[in-house]
Each structure stands twice: as structure tokens, then as C-alpha cells.
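Topology and contacts: notes
Chain by chain, the residues run as shown.
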Amino acid sequence: MAEPVETSDEAGSAPAPAADDRPAGSVPQENADGGSDRPEDRSTRKLAETVNLFTGMVAAGTIGVSHGPSGRAMSPRVLTGRLDDCEIQAETAFYFRPEAFGQALNRLISDHVVLLTGPTGAGKRTGGINLLREVTPERLVVISAVSDLRELSKTDYRSGQGYLIVNRVDDNRTDDVDFAWRRVRDRVREAGAYLVITTVTAIDPNVELVGQIAWCRPSMVALARAYLADQDLAEEMIELIGEQFPPDCSMADVTAVLRAIRGGEKPETALDKLSERSAQRVRDWFDEHETDVQAIVDVATLAFVGDVNYREFESLRQGLDDALRRYEAIKPAGAGSGRSKETEPDEHVLADRRRLICDDGLIIERAVAGPNTTRRLLGFRSVGHRRHVLAELCRRCATPFWNATAEWLTGVVVRNPDVEIAFGLADLAACDFDEVHQTYLEPWSRSEIGATGQVTAVFVLWAMCFREDTQPVALKVAKQWANHGNPEQRWSAAMAYSGLLGACDPAQAIQQLWQLTINATKGFDQACRAMAVLFDTLLATGSSGKVLSTLDQQLRRTPTRPADRNAVLRARHVLTEVLIMRENRPRVPATFLYLKKYPHRLELVASLWAVGSCYRPHRPLVLDALWHGLNRLRHITDEPIDFAARLGEALVTALPADEVAPFYQHFRAVDAATRTRAKGQRSPALVLLDVIERHYRRKAS
């Protein structure tokens, strides 16, 4: 039976690699980076570099990833796993109940399951957490938004615990919806647990077994009072603050503003950061420039390509302009276009750049420090303008515009994967997901324009993880690629799960990558490498232990059936990729970094290294990674000798008795062949060998 995964470690088509026929103890030739130069290693590093490229650009602030009122880059929320006490406290403090709260609470108490329906930004997630806290003081666990009804009806819920699904995406694959929901309700109720599900749209109205509560925002004035009652603000000022929130303002933005005011920020300053005010400015600008074709093409270009220098902007803008004219989205000069030869005199050649920047415009020039000198970049006046420009283009422009845009963007992506374009398409997906899905994600993920399209399609899914309204949809798309796509789409799914998408929903990512690994008739090694990269990705979130636990469980299968033997064999391939997976800069095995972070998992890590070294076809690779990892321990710990000694003791215990001698002999040969240490320097690799040698002596005596 499946159980909701708590992924915190603190809680506890290339050919498959062939058997290595080199002499025992020989190792692959190491390249300049300190890693094996086999094609498989290069493929794994390339995948890891793709993940790091994306996350690095976001972390460095080179991408406009602001969807909150503060204007700062926001991290995507991890969708699954146990909610910690700090997060629950933040969501329950100052909470003001909306009208529907009492009705939802009554259904949750009686049925143990309730659905909260309503638009994104209505506060359903916070409402769900508060509902669950009303009925149980036990732990709260978030389940994947792409869990189907069959999975939910087989989940092992724990008595007294609360479970939450945020913005569940309906798969629409169940014929008898009423019966399916009955099974879910009965499963939760029999377990004595509680389940709150939030959705954008209601399920089948004929389903009466589960309460479907239309969720709406509470009174903004009442909410402002709850947050600001103890602040040195007059009652009239608090009421005025509450009245300033627009009707379509998301609850996340509302609470962020109120928290900023509690933190000492002036009310007018905090309110000015609301995205709805930014949206109104963009709408007003489009109304004023409705006939200014040049200006609209300017902002459309920038909305897709992000901050760029003048030369790049002008080149890209010309490409979009040419495509728009081919598709007759722009009328020829003299046919009523906004800026034509007949309506305006010839301009000086230098006037074109000057017209981009004006006091009331959306585009400004920024001075950005570069590696050698200051760069002049064009960008939007406010980070939030980008998504609002795309929303206005979506609302105002007809099909010829979007056909031209698709041709233009495809031409750009064919040359290189583009992270900025991915974020532009992610923002467009929030306005018109069908346009993005059918025109870009589907053909690009099928490799119709080559590998650069696949990579950019994955970038789009990752970028969608930064928005609450598109994050669950991105998970659904990846699941569709993995389960029903062609081979190219399955590889795209594997790539997506190895990075940010996997970090948002680790349990789903591990499950899907494992299924790709054991079900693939060929090219399964791609999924193996993706699992290794996912492990590396999850190191930063505290969820990487689930990868190791899954491998340990699969490796312990009794191979009595062909399916079991296949699973064990492929688990060994995944294990090898995980063990040789090295962090980019220190070039230390990712498992060492994991062990440094969670020393209490020494037994598990040592047992996996033992299993990996016992698998003869991959032993040279594993021992090579182990030696180089030990040799670089000083990059991650001040006590490399102690680390090596503890790992050696655990390895001796984990190795089968008849494998200790072969391990010692082969690892000693690796050390002799690779050693380059200075005289008098104590080697962690020799320390590990000494531990095993002492084990020999104890056995002999």
C-alpha cells in the first residue's frame, strides 16, 4: 500500500553500460575535472549542468522571477511532505475565518474529507491548514497535487493526522466519479484521518458524498484588523488599508503586505508593491498605446526575452517584427498601422533607441555590474510588468500575432536553450495554458526542433514551479510525458524530474523516475542518471534521503521472479550513478555531502557503497569515485581522517564476509595506481584501508 511520503531526512537513448572487462583494480582515465571520462559520466554531468544553469541564473537574480509584492525573487514552494511547525504557525497566526469556514469545518468533522473550490489566490491553502488544525493537533502532511483518485483510495493514512492536497489537478480518467470519491472518503474515515483538498474548479456536481465548499476571501478590513490590532495605527487607518486591496488581489499578496506593515514598513509603501496596481499600470499603458505598433512590439519582445542589452534586443525585436509582417499581424506601411511613413516624417537613425525610454513608459535602462565593466540593459520598470504585459497581449492579440510569435520563438530556441524565454512562456501559461502547451511544450518535448527544444520545454516546466497557479499543472504535464509520451518525451520528463520539478514534489519525482527506469525497453540509463541528479538536487532541501531509501528497498528484493530480477539489476545501475555523482566544485560524491549533513545515516550510506562495490561490472567506477571522494574530503570537513575511519568501519560491517578481501585488494590497487599525495601527508584512503586491514587481523586471531 502506498503511504504519503515524508521526505525529510531529519525525520528519519544511449546503450546500457556494458560489463567492464578491464583487469581488477584498474580505473577509468580521469579527466581534468577529476572525474571519469566515459560517455555515461559526461551525460550525467551534462544533465547536472543543465539543472545548475537554470538554478544558478535564478539564484544570481539574472531572471525576473518576482511574483510577490516585495519585488524580490521568490523560491518555488515544495508541494509535498510534512508541514513543519514554523510554517503552520505562520499560516494560523492572525487568521480570520471567511464565511464558508464553519460549513467546511462541519463537513470535515462528519466526512473526514472536504473540497475547497475557488480561484487561485483565494486563500484555500491557508484555509485548509487552519481547518486541519481545528480537528487535529497531530502532524500535517501535503500530498501530491497530481495524485489520482485510485492512488488516494489506496493511501495508508495514519490515524489522527491531517492531509492536504493543494490545487489538485483532476485527471478526468475515472468513469464512476461518485464511486471513486466514496472509496477515498471511506479510506480516510476508516483510518481516522482528515483530508482537505483544494481545487480551482468543482468536481462533478452529482458527487454528494464529499462536501464541495465554494471558498471566498474574508473581509479585507476584518483581516487587516486581525493583523494590525496591536500596532500603533488608528482604527481609521486600518480600515483604509483594508479598503485599498483590489477585489482580484491574491491572499498571498494581502498577507505579505500586512506582514510588511507589521514589520515597520509604511502602509503606502507596502501597498504600492501590490501586483494588481502594477497590472493596472500596464492596462493603462496599452490603452494609451493601442495604435503604437512599434511600442507594442517593443514590450512584447522584452516580455519573452527578459533583460537584454540594446544590440541583443534590437536583433531579437527585428526577428519578431519580421514574423509579424509575414503573418500580417502588422499592417503594411500606409494601411493604418500605428507608425507609418505616411503619418510620420522620417526619423534620425539615432532616435530609435531614445524612443524606448520615456518617463511614462514600461521600459527602462538599468546599469548592471558585469565581470569587466558596467552593462546597460533594457528591462521593465517593475519586475511584475513582464507577466502583466503577457496577460494584456493574450487578452488583446489575435491568432496571427501568436502564430508569428511561435515561429519567432522557435527560431530562437533552435539555436540555443533559453531560460529567459522559458520564464516568459511560464507567465503566458498562467493566462493561456493551452497556447503554451499545444504550441511549445508538446512539440518541443517530442524533440521536433531538436535537443534545444527539449531542454527549453523542461525549463518552462521548471519556471512554472515559481507560480502557485501553474506549479500543479507543470507536475501534471511531466506525469503525462512520463506515462504516455513517446521516448523523447519520456526523456524530457526524466530531465524535468531531476531538477526543480522534482524538488517541488520529491515523492512523485522518485516514483516516476523509478517507473521510467524499470519499464524502459532501452535507454533506461537516462532515467538512472536523472535519479542521480535528482539526489544531488534534493541535497539542498532535506529530501534526498528518500532516493537512498528507495534504492535500498529495491536492492533488498528477493529476485525470485523475472520482474524482481530486472528491478534489482536496474537498481544497481541507478546506485552506480548515485555513487559516482559528484558535486560540481568540490568534486566530492554527493553521498559524502549527504553523510556530512546527516551523520546518523552512516549505516545506510555505507551499505549502498558496499552493494555498489560488490557489483563486478561497475566496481572500477565505484572504487574510483570512492578514492577520489576520500581524497577530497578536506573540501567538506575539517576532520577528513575521522570521516574516513567511520566510513571504513561501517563498510566492513556492511560488506558480506566473502567480499571484504576482494574489496580490500581492489581498493588498494586503486590507491597504488592513483595516489599523488605529498610525503608525510596522511591519506583518508589509506585510513580506510587500515580499518579493513585491522578487521583482517581480528578475524585471523
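Look above for the structure.
Described in the following lines is the structure provided in the data block. The model shown is predicted, which means the values in this text are computed figures rather than measured ones.

1. A short note on the environment of Val293
Within the element layout of this structure, Val293 appears in helix H12 (residues 293-305). When its relative accessible area of 24% is taken as the criterion, Val293 is described as partly exposed. Expressed as a C-alpha distance, the spacing of Val293 and Asp321, which sit 28 residues apart in the sequence, is 9.8 Å.

2. With respect to the sheet that holds strand S8 (residues 363-369)
With respect to topology, three strands assemble into an open sheet ordered S7-S9-S8, the strand pairing being antiparallel. If you trace the sheet from one side to the other, it starts and ends with strand S7 (308-309) and S8, each paired once. Pairing geometry for S8 and strand S9 (residues 374-380), over seven bridges, is antiparallel. Counted as the bridge partner of Glu365 is Leu378 from S9.

3. A closer look at the pattern of salt bridges
Counted by the stated rule, this structure contains 32 salt bridges. Here Asp321 and Arg325 are joined by a salt bridge, their closest N and O atoms 2.8 Å apart. Separated by four residues within a single helix, Asp321 and Arg325 lie in helix H13 (residues 310-326), roughly one turn from each other. The class for Asp321 is buried, based on a relative accessible area of 8%. Several salt bridges converge on common partners, so that one network encompasses Asp287, Glu392, Arg395 and Arg396.

4. Let's talk about the packing of H12 against helix H15 (residues 385-396)
For the pair H12 and H15, the least separation of the axes is 9 Å and the interaxial angle reads 120 degrees. Taken together, the axes of H12 and H15 are oblique relative to one another. Note that H12 runs across H15; the crossing there is left-handed. For the pair H12 and H15, contact is made by Ile296, Val299, Ala300, Leu302, Ala303, Phe304 and Val305 and by Arg386, Val389, Leu390 and Leu393, respectively. A class-by-class count of the residues in the contact of H12 with H15 yields 10 nonpolar, no polar and one charged.

5. Some remarks on the nonpolar core
Leu425, Phe592, Leu626, Leu630 and Phe667 are the most contacted members of the largest nonpolar core, which has 151 residues in total. Here this core takes 10 residues from helix H24 (residues 524-538), the largest share from any one element. Contacts of Phe592, omitting those with residues within four sequence positions, involve Trp609, Leu626, Gly629, Leu630, Leu633, Ile636, Phe643 and Leu647. Counting residues in hydrophobic clusters, the runner-up holds 20 residues, among them Ile88, Val166, Val196 and Trp215.

6. Section: the side chain of Thr517
By secondary structure assignment, the location of Thr517 is in helix H23 (residues 506-519). Residue classification places Thr517 among the buried residues on the basis of a relative accessible area of 0%. Setting aside chain neighbours within four positions, we find Thr517 in contact with Phe524, Ala527, Cys528, Arg570 and Val574.

7. Remarks on the sheet that holds strand S2 (residues 113-117)
Taking strand neighbours across the sheet as the criterion, the six strands line up as S1-S3-S4-S5-S2-S6 in an open arrangement whose pairing is mixed. At either margin of the open sheet sits one strand with a lone partner, and together these are strand S1 (81-82) and strand S6 (211-214). Relative to strand S5 (residues 194-199), S2 is paired through five bridges, and the arrangement is parallel. Looking across to S5, one finds that Leu116 is bridged to Thr198. Lying over the sheet, helix H4 (residues 124-135) contacts S2, strand S3 (140-143), strand S4 (162-165) and S5, oriented at roughly 170 degrees with respect to S5.

8. Here we look at unusual backbone geometry
For His112, which is not glycine, the phi dihedral falls at a positive 70 degrees. Relative to the elements of secondary structure, His112 occurs in the loop between helix H3 (101-111) and S2. In this model, Glu328 sits at a positive phi of 60 degrees, which is unusual for a non-glycine residue. Structurally, Glu328 can be placed in the loop between H13 and helix H14 (351-354). In this structure Glu328 comes out as exposed when scored by relative accessible area, which is 67%.

Reading guide: rules and limits
Residues numbered from 1 in each chain as written. Predicted model: local features only at pLDDT ≥ 70, side-chain atom pairs only at ≥ 80, totals over all residues. Heavy atoms only, no water. Helix = DSSP H or I, 4+ residues; strand = E, 2+ residues; numbered from the N terminus. Buried < 20%, exposed > 50% of the residue type's maximum accessible area, 1.4 Å probe, protein only. Pairing = 2+ DSSP bridges. Salt bridge = Lys/Arg side-chain N within 4 Å of Asp/Glu carboxyl O. Axes fitted to C-alpha atoms, helices over the stretch in contact; angles between N-to-C directions. Parallel < 35°, antiparallel > 145°, perpendicular 65-115°, else oblique. Left-handed = near helix turned anticlockwise from the far one by under 90°. Contact = heavy atoms within 4.5 Å. Nonpolar A, V, L, I, M, F, W, Y, C, P; charged D, E, K, R; others polar. Core = buried A, V, L, I, M, F, W, Y, C linked by side-chain atoms within 4.5 Å.

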